[in-house]
Each structure stands twice: as C-alpha cells, then as structure tokens.
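Secondary and tertiary structure notes
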Amino acid sequence: MSILAIDVGGTNIKYALVDREDRFFSRGVIPTAIRSLDDFRATIMRIYEPLKEQVEGIAFSMPGIIDAQTGFMYSGGSLSWIHNIAMAGEVSGFLSGVPVSIENDAKAAALAELESCLLYTSPS
C-alpha cells in the first residue's frame, strides 16, 4: 500500500504514490482549474479513482493558513474559495473514510528538507 501525496498549487496540482521505502509511482501534473469546493472534489476524485486500490492514505500540501493537527483550513492563500473548511475531514468524507492529512505547502517543503538532511547526513 502507498500514500497518495498531492501538492495543490495555484497553477498546478502535482501528485504521486509513495511507498514505505520512499519510492515514487504514478506521478502526474494537472492544472489547478479550481474555483469551488465542488471543482476541488471532482479534481481529487479524478486523481484518486484510478489509484484507489493502492492508496492507504492521502497527504496534501496546500497554500494557506492550516491547522495540520485538525486538518482545518482557515484560508487557502491563492485558492480564494477556501475559507474556514475542515478540509481533511471533507476529503476523507467524500473518499469513503480514507485517512487524510494536510499541511501548509511551505511548511511541508521545510519538513521534507529537514528529513532529507537527517537521512543523508552522516554522523560526525
């Protein structure tokens, strides 16, 4: 089983399946043509449906002010249609309970850099 990693940006949505050994599969990029929560649902479903048998959870990185502990989005940065949405719960709900986590995109990038440094830096 794998995690579906989805990076929602103002221009494109990038996604890939990532297994427990950090190998990437089924990568893709699609334009972020999203103007509403309904558009967002449809876009996520297009990504998820062909991969669903392999997905054990979804990890989002998105712009905006996000409480990563609760999955609540206060704002969506360049995604102006996002205001006060329990986004992790919303996505999990329309995907029949798939576990969902969400993090601010800049924080997610910093966390990835930190993990990379920790993994590939040999002890002194």
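See the structure shown above.
The rules behind these values
- Residues numbered from 1 in each chain as written.
- Predicted model: local features only at pLDDT ≥ 70, side-chain atom pairs only at ≥ 80, totals over all residues.
- Heavy atoms only, no water.
- Salt bridge = Lys/Arg side-chain N within 4 Å of Asp/Glu carboxyl O.
- Helix = DSSP H or I, 4+ residues; strand = E, 2+ residues; numbered from the N terminus.
- Buried < 20%, exposed > 50% of the residue type's maximum accessible area, 1.4 Å probe, protein only.
- Pairing = 2+ DSSP bridges.
- Axes fitted to C-alpha atoms, helices over the stretch in contact; angles between N-to-C directions.
- Contact = heavy atoms within 4.5 Å.
- 1 Å grid on protein atoms, 1.4 Å probe; cavity = no way out; pocket = protein on both sides within 12 Å on 5 of 7 lines; lining within 4 Å.
- Points joined across faces, edges and corners; volume = space filled by probe spheres on them.
- Nonpolar A, V, L, I, M, F, W, Y, C, P; charged D, E, K, R; others polar.
- Core = buried A, V, L, I, M, F, W, Y, C linked by side-chain atoms within 4.5 Å.
- Expected span 1.5 Å × (residues − 1).
- Arc of directions from axis to C-beta.

Some points on the pattern of salt bridges
Applying the stated criterion to the full structure yields seven salt bridges. Between Arg 20 and Glu 56 there is a salt bridge whose closest N-O contact spans 2.6 Å. A residue pair is termed long-range when its members are at least 10 positions apart, and Arg 20 in the loop between strand 2 (12-18) and strand 3 (24-31) and Glu 56 in strand 4 (residues 55-62) qualify at 36 residues. Using a relative accessible area of 65% as the deciding quantity, one classes Arg 20 as exposed. In this structure, the salt-bridge partner of Asp 38 is Arg 41, at a minimum N-O distance of 2.5 Å. Here the residue Asp 38 and the residue Arg 41 both occupy positions in helix 1 (residues 37-48), the gap between them amounting to three residues, near one helical turn. Residue Asp 38 is classed as exposed on the basis of its relative accessible area, which comes to 53%. When its relative accessible area of 25% is taken as the criterion, Arg 41 is described as partly exposed.

Thoughts on the sheet that holds strand 4
Read across the open sheet, the five strands follow the order 3-2-1-4-8; overall the sheet is mixed. Strand pairing shows two members of the sheet lacking a second neighbour, strand 3 and strand 8 (100-104), which therefore form its edges. Adjacent strand axes in the sheet meet at a mean angle of 15 degrees, parallel and antiparallel pairs treated alike. The pairing of strand 1 (residues 2-8) with strand 4 spans six bridges and is classified as parallel. Counterpart to Asp 7 in the pairing with strand 4 is Ser 61. Helix 2 (residues 87-94) contacts strand 4 and strand 8 of the sheet and is inclined by roughly 145 degrees relative to strand 8.

Quick notes on the layout of surface pockets
Size it by volume and the second largest pocket reaches roughly 150 Å³. If you trace the second largest pocket, you find it lined by Ala 5, Ile 6, Asp 7, Lys 14, Tyr 15, Ala 16, Phe 24, Arg 27 and Gly 28. Only strand 1, strand 2 and strand 3 provide two or more residues apiece to the lining of the second largest pocket. Each residue belonging to the lining of the second largest pocket can be placed in one class, and the counts come to five nonpolar, one polar and three charged.

Considerations on the nonpolar core
Formed by 31 residues in total, the largest nonpolar core has its most connected members in Leu 4, Ile 6, Phe 40, Ile 58, Phe 60 and Met 62. Of all the secondary-structure elements, those providing two or more residues to this core are strand 1, strand 2, helix 1, strand 4, helix 2 and strand 8. When neighbours within four sequence positions are excluded, Leu 4 is seen to be in contact with Tyr 15, Ala 16, Leu 17, Ile 47, Tyr 48, Leu 51, Val 55, Gly 57, Ile 58 and Ala 59.

Some details on the sheet that holds strand 6 (residues 72-75)
Strand pairing in a sheet relies on backbone hydrogen bonds, with the paired strands running either antiparallel or parallel. Across the sheet, three strands lie side by side as 5-6-7; this open sheet has antiparallel pairing. Here the strands that pair on one side only, and so sit at the sheet edges, are strand 5 (66-67) and strand 7 (83-85). Inspection of the sheet shows strand 5 paired to strand 6 by two bridges, in the antiparallel sense. Directly across from Asp 67, in strand 6, lies its bridge partner Phe 72.

Some details on helix 1
Under the 1.5 Å per step criterion, the end-to-end length of helix 1 is 16 Å for twelve residues, consistent within 8% with the ideal 16 Å. Burial in helix 1 covers these residues: Phe 40, Thr 43, Ile 44, Ile 47 and Tyr 48. The buried side chains of helix 1 occupy one side of the element, clustering within an arc of 130 degrees when seen end-on. Exposed residues lying more than 90 degrees from the buried face of helix 1 are Asp 38 and Arg 46. Elements in contact with the buried residues of helix 1: strand 1, strand 2, strand 3, strand 4 and helix 2.

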